[in-house]
Each structure stands twice: as C-alpha cells, then as structure tokens.
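If you want the building blocks of each chain, they are given just below.
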Amino acid sequence: MESEDGGAGLETAEKIIRRWDSTVSQDDREKMIFSGDRQEADRYLQAVDEIQRSLHSTSFPSSSSGDRNPTLRIAMARLEDEFRWILLSHASAVDPESLLVDTPRSNSASSHFDHFSAAAGEDEAESDAGEGDSASFGDGSSHGGGIGSSSSSRRSIKSATSIREIDLIPADAIADLRTIAERMISAGYLRECIQVYGSVRKSAIDASFKNLGIEKLSIGDIQRLEWEVLENKIRRWIKAAKACIRTLFASEKRLSQQIFEGLGSGSGSDDACFLETVKGPAIQLFNFAEAISISRRSPEKLFKILDLHDALADLFPDIELVFESKQAESIRVQAAEVLSRLAEAARGILSEFENAVLREPSKVPIPGGTIHPLTRYVMNYISLISDYKQTLNELIVSKPSSSGARYPGDQSVPEFDFGELEEERTPLALHLIWIIVILESNLQGKSQHYKDTSLAHLFMMNNVHYIVHKIKGSPELREMIGDEYLRKLTGKFRLAATNYQRAAWVKVLHCLRDEGLHVSGSFSSGVSKSVLRERFKSFNAMFEEVHRTQSTWLVPDTQLREELRISISEKLLPAYRSFLGRFRSHIESGRHPEQYIKYSWEDLDAAVMDLFEGNSATQQLRRKSG
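Since we're looking at a predicted model, the values are computed, not measured. (Residues numbered from 1 in each chain as written. Predicted model: local features only at pLDDT ≥ 70, side-chain atom pairs only at ≥ 80, totals over all residues. Heavy atoms only, no water.)

Undergrad: Hey, could you run me through the overall build of the protein chain in this one?
TA: What the protein chain contains, in helices and strands, is 25 helices and two strands. Here the protein chain holds 626 residues, and the buried ones make up 49% of them. When contacts within the protein chain are restricted to residue pairs at least 6 apart in sequence, those whose partners lie at least 24 apart make up 82%. Accessible area for the protein chain stands at about 29,300 Å²; split by element, carbon and sulfur atoms hold 49% of it. (Helix = DSSP H or I, 4+ residues; strand = E, 2+ residues; numbered from the N terminus. Buried < 20%, exposed > 50% of the residue type's maximum accessible area, 1.4 Å probe, protein only. Contact = heavy atoms within 4.5 Å. Areas by Shrake-Rupley, 256 points an atom, 1.4 Å probe, with all protein chains shown as cover.)

Undergrad: Looking at this structure, how should I read unusual backbone geometry?
TA: Peptide bonds are mostly trans, and most non-glycine residues show a negative phi. Positive phi, normally seen in glycine, also occurs at phenylalanine 612, with a value near 70 degrees. Within the secondary structure, phenylalanine 612 is located in the segment after α25 (601-608). Owing to a relative accessible area of 0%, phenylalanine 612 belongs among the buried residues under this scheme.

Undergrad: In this structure, what is going on with helix α24 (residues 558-588)? I would like to understand it.
TA: Side chains that are three or four residues apart share a direction in an α-helix, a result of its 3.6 residues per turn. A maximum bend of about 50 degrees is found in α24 at arginine 582. One side-chain oxygen of the residue at the start of α24 lies 3.3 Å from the amide nitrogen of glutamine 559, identifying that residue as aspartate 557. (Bend = angle between axes of the 7 residues up to and from the residue. Polar contact = N/O pair within 3.5 Å; in protein donor to acceptor, adjacent residues only side chain to side chain.)

Undergrad: Looking at this model, I keep getting lost on the pattern of salt bridges. Mind explaining?
TA: Side-chain pairs of opposite charge can arise where the charged atoms are in close proximity. Counted according to the given criterion, the structure contains 36 salt bridges. Its salt-bridge partner being glutamate 50, residue arginine 53 comes within 2.7 Å of it at the nearest N-O pair. Taken together, the positions of arginine 53 and glutamate 50, both in helix α3 (residues 38-56) and three residues apart, correspond to about one turn of that helix. Its salt-bridge partner being aspartate 81, residue arginine 84 comes within 3.3 Å of it at the nearest N-O pair. You can see arginine 84 and its partner aspartate 81 sitting in helix α5 (residues 70-89), three residues apart, about one turn around the helix. What you see here is one network of salt bridges that share partners, running through Arg561, Glu562, Arg565 and Glu613. (Salt bridge = Lys/Arg side-chain N within 4 Å of Asp/Glu carboxyl O.)

Undergrad: What is the right way to look at the packing of aromatic side chains in this model?
TA: How two aromatic rings sit relative to each other is set out by the distance from centre to centre and by the angle between their planes. Scanning the model with the defined rule gives 19 aromatic pairs in all. Considering the side-chain rings of phenylalanine 83 and phenylalanine 260, the 6.3 Å spacing of their centres and the 70 degrees angle between planes classify their relative orientation as edge-to-face. Here phenylalanine 83, found in helix α5, pairs with phenylalanine 260, found in helix α12 (residues 227-260); they are 177 residues apart in sequence, far enough to count as distant. Among the residues examined, phenylalanine 260 registers a relative accessible area of 0% and is labelled buried. Geometrically, the ring pair formed by tryptophan 505 and phenylalanine 543 is tilted, given 6.0 Å between the ring centres and 50 degrees between the ring planes. Taken together, the residues span a long stretch of sequence, with tryptophan 505 in helix α22 (residues 483-510) and phenylalanine 543 in helix α23 (residues 529-550) at a distance of 38 residues. With respect to burial, tryptophan 505 and phenylalanine 543 carry one shared label: buried. If you follow arginine 376 out to its NZ or CZ, it ends over the ring of tyrosine 466, 5.2 Å from the centre. In this arrangement the basic side chain of arginine 577 is found over the ring face of tryptophan 601, its NZ or CZ atom lying 4.3 Å from the centre. (Phe/Tyr/Trp six-rings, centres within 6.5 Å; stacked < 30°, edge-to-face > 60°. Lys NZ or Arg CZ within 6 Å of the ring centre and 35° of its normal.)

Undergrad: Any chance you could explain the nonpolar core here in plain terms?
TA: Counting residues in each nonpolar core, the largest one holds 183 residues, and the members touching the most others are Phe83, Phe249, Leu285, Phe323, Ile382, Ile385 and Trp505. The leading source of residues in this core is α12, at 16 residues. Not counting residues up to four positions away in its chain, the partners in contact with phenylalanine 83 are Leu177, Ile180, Ala181, Cys193, Val196, Tyr197 and Phe260. (Core = buried A, V, L, I, M, F, W, Y, C linked by side-chain atoms within 4.5 Å.)

Undergrad: Can you walk me through the confidence of the model for the protein chain in this structure?
TA: Low pLDDT marks stretches whose predicted atomic positions should not be read closely. Looking at the protein chain as a whole, its pLDDT mean stands at 82, while 81% of the residues score no less than 70. Segment residues 1-5: pLDDT under 50, and zero contacts once partners within four positions in sequence are set aside and those in other chains are kept. (pLDDT = per-residue confidence, 0-100.)

Undergrad: Would you mind going over the packing of α3 against α5 with me for this structure?
TA: Each pair of packed helices can be summarised by the angle the axes make with each other and by the distance between the axes. Relative to each other, α3 and α5 sit at 140 degrees, their axes nearing to 10 Å. One element, α3, and the other, α5, form an angle in the oblique class. Taken as a pair, α3 and α5 cross one another with a handedness that is left-handed. Contact with α3, carried on its side by Tyr44, Leu45, Val48, Ile51, Gln52 and Leu55, involves Thr71, Leu72, Ile74, Ala75, Met76, Arg78 and Leu79 of α5 and no other residues of that element. (Axes fitted to C-alpha atoms, helices over the stretch in contact; angles between N-to-C directions. Parallel < 35°, antiparallel > 145°, perpendicular 65-115°, else oblique. Left-handed = near helix turned anticlockwise from the far one by under 90°.)

Undergrad: Would you take a moment to explain the side chain of histidine 431 for this structure?
TA: Residue position: histidine 431 is located in helix α19 (residues 427-447). A residue is classified by how much of its surface remains accessible, and histidine 431, at 8% relative accessible area, is buried. Beyond its immediate sequence surroundings of up to four residues, histidine 431 is in contact with Leu350, Glu354, Ile396, Ser398, Lys399 and Pro400.

Undergrad: Would you explain the packing of helix α9 (residues 171-186) against α12 in this entry?
TA: Between α9 and α12, the least distance of the axes is 8 Å, while the angle of their chain directions is 60 degrees. What the angle tells us is that α9 and α12 run oblique. Facing α9, whose interface residues are Ile174, Leu177, Arg178, Ala181 and Ile185, α12 presents Leu255, Gln257, Gln258, Ile259 and Phe260.

Undergrad: Where do I start with the side chain of serine 569 in this structure?
TA: Structurally, serine 569 can be placed in helix α24. On the accessibility criterion, serine 569 (10% relative accessible area) is buried.

Undergrad: Would you take a moment to explain the state of the cysteines for this structure?
TA: Structurally, a disulfide amounts to a covalent bond that connects the sulfur atoms of two cysteines. This model, assessed by the stated rule, comprises zero disulfides. The thiol sulfur of cysteine 273 is not disulfide-bonded, and the nearest other cysteine sulfur, from cysteine 193, lies at 6.0 Å. You can call cysteine 273 buried: its relative accessible area is 0%. (Disulfide = S-S within 2.5 Å.)

Undergrad: Please explain the environment of leucine 421 as it appears in this structure.
TA: Along the chain, leucine 421 turns up in helix α18 (residues 421-424). It is 8.5 Å that separates the C-alpha atoms of leucine 421 and glutamate 484, two residues lying 63 residues apart in sequence. Leucine 421 has contacts with Leu430, Ile433, Glu484 and Tyr485, leaving out every residue within four places of it along the chain.

Undergrad: Sorry, what's going on with the environment of glutamate 424 here?
TA: Considering the arrangement of structural elements, one finds glutamate 424 in helix α18. Remark: the alpha-carbon pair of glutamate 424 and glycine 482, spanning 58 residues in sequence, is separated by 8.9 Å.

Undergrad: When you look at helix α20 (residues 453-473) in this model, what are you seeing that I'm missing?
TA: For α20, built from 21 residues, the straight-helix expectation of 30 Å at 1.5 Å per residue is met to within 8% by its first-to-last C-alpha distance of 30 Å. When you tally the buried positions in α20, you get 15 out of 21 residues, the bulk of the element. (Expected span 1.5 Å × (residues − 1).)

Undergrad: Help me out: how do you make sense of the environment of cysteine 273 in this one?
TA: Assignment of secondary structure puts cysteine 273 in helix α13 (residues 269-293). Separated by 18 residues in the primary sequence, cysteine 273 and leucine 255 place their C-alpha atoms 9.7 Å from one another. Ignoring anything within four residues of it in the chain, the contact list for cysteine 273 reads Ile194, Tyr197, Ser256 and Phe260.

Structure (structure tokens):
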C-alpha cells in the first residue's frame, strides 16, 4: 500500500515538474513560479523533493542522479532559471551614498590623505545610481534550511568596527534563493548554481563600481594617463576602495553565507560563490594602485602615493577579514604586494628627489637676489613631507649618506657631519636635514654666478632665511629638524647678512674716514680742502650707485628687510653725521658747497628706506628742500 502511495506521489510530482518545463516553449520559460502564488512555489519544491527522495532510494549516487532522471534535469533547469530570475530582480547597483558613509578604523593611526585631498578639493561621487534594495530581514521562508542561522551569525565580520554590512537583497528573496540552492546542490548542480550566482552578482558589483567612479582600465591604460588626471582618480579610488572593502565586498560575503553556508556534502560553497562574485572586481580594484606603484617616479607623485599607501594600509586588516579563507589567499597576497610596492615607490621617490635637488642645473642668476624658485619648491615639498611623518617614519629606516662616498668622484656633493644628530633624529629627519644641506650647497653654487659679490651674499641671506622661516612656520618640521640644526641655519643667514654689508658698504664708509685729510707744512696746518672735496664727491657717487642698484634688489621678507635697513642706517648715519659735523664748515666756506654736500643725514636715512624693494625702474635719490 505504501509503494502504491509512493508511486502516486512520484507521478504527481513528475506532472508538476513537467507542467513547468521551461524547455517546452518561450512562454513557459518566461513564466516564473516564484513570482506568483506562494502555494504553487511550495508545491513545486515539494515535487522536487519527492523526485530526489525517489532517486535516493535507488543505488545511483546523488552526483549522477540528474543524468539518470530526465524529470530531475527538467526540474534543475527550471530552478536554475528561477534562481537567476530572483537574483536579477535584485541586482541593482547599491546607492553610492549608502556605500560612501565613512567608517574609519577606530584603532588605526590617523592618516593625512583625507586632509591633503580636502586641501586639493574633493571630487563628489556621482549620485545618479540606481536604487538598491535594503529591506531588513524578517522571519524568512519556511523552505529549506532557513537564513540567518547561528553559524552565519558567528561568522559575521560586522564585529570589526570598520566593517559596515548592508542588506543587498530582501530577506524573503534570500530565503527563496537558499531553498533553490539547497535542492540544486543536493542534486549535484553546485557548479551551475555558483556560475549563475557569480555572473549575476558580479554584474551588480560592476554597476556599483561604475557609480563609485571605478573604471575598467588596464595597468597600461592607467600609466598612460596624465598625472593631473590620475590625481583626481586617486582621490576617487581611496573613497571607493573603503566603500568596496568595508561595505560592498563585506556585504557580498554575508549574502553568500546567508544563501549557501552549510549546503552540500563539503564545506566552502559560500566561499566559492563569494569568490566567483568578487575576485575579478577585487583584482580590478587593486590593479589601479599597483599601476600607480610601478609608474615612472617623479617628486610630485610622492604624496598621492603616500595617500594610496595610507589608505591601503588602513584597509589591510579589513581585507584580511573579508578575504580570510584559503581560497581567497591570492587576493590577500596581491593587496600585500601592492602595499609593499607603494612603500618602495615612496622610498625611491624621496631618494630621487634628493638627487634632483643636488643636480638642479639652472645657472641664470635670479634678478635682485631674491628667493630662488628651487628654494621655495624644496621647502614647500619637505613641509608636506613632514605632514606624512608618521607614515614615512615607518617606511624610511636607513640614514642618508652625507659624504661624497654616495656619489663617487662627484665634487659637487657637500660634506656634512651629522654628529650627534644621528643619535637624536629619526632617519626621516636626517633625510630632511640632508635635503636642506644639499639645497644650500646648490644655492651656494648658484650664488657664484652673480658678478656683484654683495648681491651674492644677499641672495644667500634671502634663501637661507626663507629655509629658517619655513622650518619655524611648521611645528612638525621644526620638531623633526630640531633646534640644534635650526640654530646653525640661523647663524648662516646672519653671517650672509654681515658679509653683504661688509661687501656693499665698506667702500662707502671708507670715504668718511679722517685719514689723509689733515696736512701740515711750514706755512700752514689743517684740513686739505681739495682732498675733502674729493672725499665728499666720492661718497656722493658711491652712495648714489649703491642706492641706484640696491633699490632694484629685493628682500621679500618684511621683517628681514627692515632689520637690514636699520643695521645699515646704524652704521652709515652716525658716521656721516660725525663727518659732516667735523668738516662741513671747510666746504661751506668755499665756492659751490652744494656740489659737495649734496645730502643731509635725513636724506640718507630716507634713501636707505628705498633699498631692497625690487623696483624695476631706477629709484631717484630724494633730497630735502633747502
């Protein structure tokens, strides 16, 4: 009696299966069981179960049962179509706004790339993405093994503070997918199930990638782009990578667990489906950073490479969590290799920057002895380096070679003894000091191209003062350089200022000496008026020439310019007033005294105030009326 009932049940099951045979007609193929009456879906699943029970009672292994029973093959084809249809119904790209909600790692070191990117101007993410489903989980379907099982909950990676999982598919759809997957896998159709799942979900990820601004570019394509274009793409990539690793990929992993975990005779079907979905997109994501890491090195790339390094380093613990399985080892390895290449690229760029500063070849003197563009560039550059000191202190572990041994036979390399600095400063700080040393050496060479020695000294004063000013203006840089070396630099620009005054004003002041003015003889003794007149004429000519030339010179720092003028006035004006007081009467008692005493001390004081303004036109010496 039981066999007759079983036979009747099997016959009914086969009728149900064949009624939904998707191979019969296109109309039948387009009708979906799970889109209509739930009771019809239940009946169909029960029919599949009945077919499988009947096959399990035979001696055929389950892996070949589908091949042995045509009805089961029809059922599996139908379930594959249903599985695909449910997935496609919920395959919209995830709303980028929900992906780009930042979830920083709570215990990670603070990085500077967000600050640096904000300073350069952030690119806004596109907001015209399709809306993704985000319904919260309910009770689910009664079919199959159910969803949200205890093992799934235990394996959730949501406990990591930076991971933010979202619902990619509604709970009732997940329940239907799991019931279908359970029956396909038990019938030996795991491979087909994985292929369908991976194909549909990968398309959804591709759509989300597009909305996040992640393009399908080869490494060659990326390396051919202009750096200005790449800078924008790097900023976008950093934001997108955080969204992908911490939200999109993590949510895809949870989805595959909810549908596939525990199904099949062996474990790992959920990992297989997850990797089928995300392996290609993950490789595409990391290929961008890899392309940047192996591109041609140049100084302007350092900070974006450090941004990438900091972003990937911050993401790496999350990468290890999301791709924790053995099957995902290749993704973890790729991420680690890219991180290592970015670090090596940063070290290489810093080394090449040092060489570039040393070799900068320009020989044309800067008009007016002002700050050289190289000085501005280098100091702004190392100021930015100091903003990345946390990262670079980890990457830069070797100290610079501060002698010609680093460049055998090159006489242009300065000798510098770090002395106690080697023990007190980090390797990165020593590299920054070394860059300043070679910058100063390069500037010293450039100063030799000035024909006027005093202008050469003014040039060095301006440039070393700018170096000191930049160090003092950055607390991070000052801390790294240290007060000991800063004092040495301060002494150097003050020495340059002294050397300038000596070279420019000694001859002028020499005209105001007493030597040679007094004569003595048998008939008279006193001051030689002819010699005195020549002294005044020489002084006037020299002062006018100094004023004419040095009013075109430039000391751009207001405070330094004022200090230099005061220092000149303190030497010049007392000497002139004293000389004028002692010998004025000798000139005024003769003819045309105005030809010799052309200026009052107030005129000279006002004239000194004209110096170092960088005037392009010749500045006329002003005289007081009367």
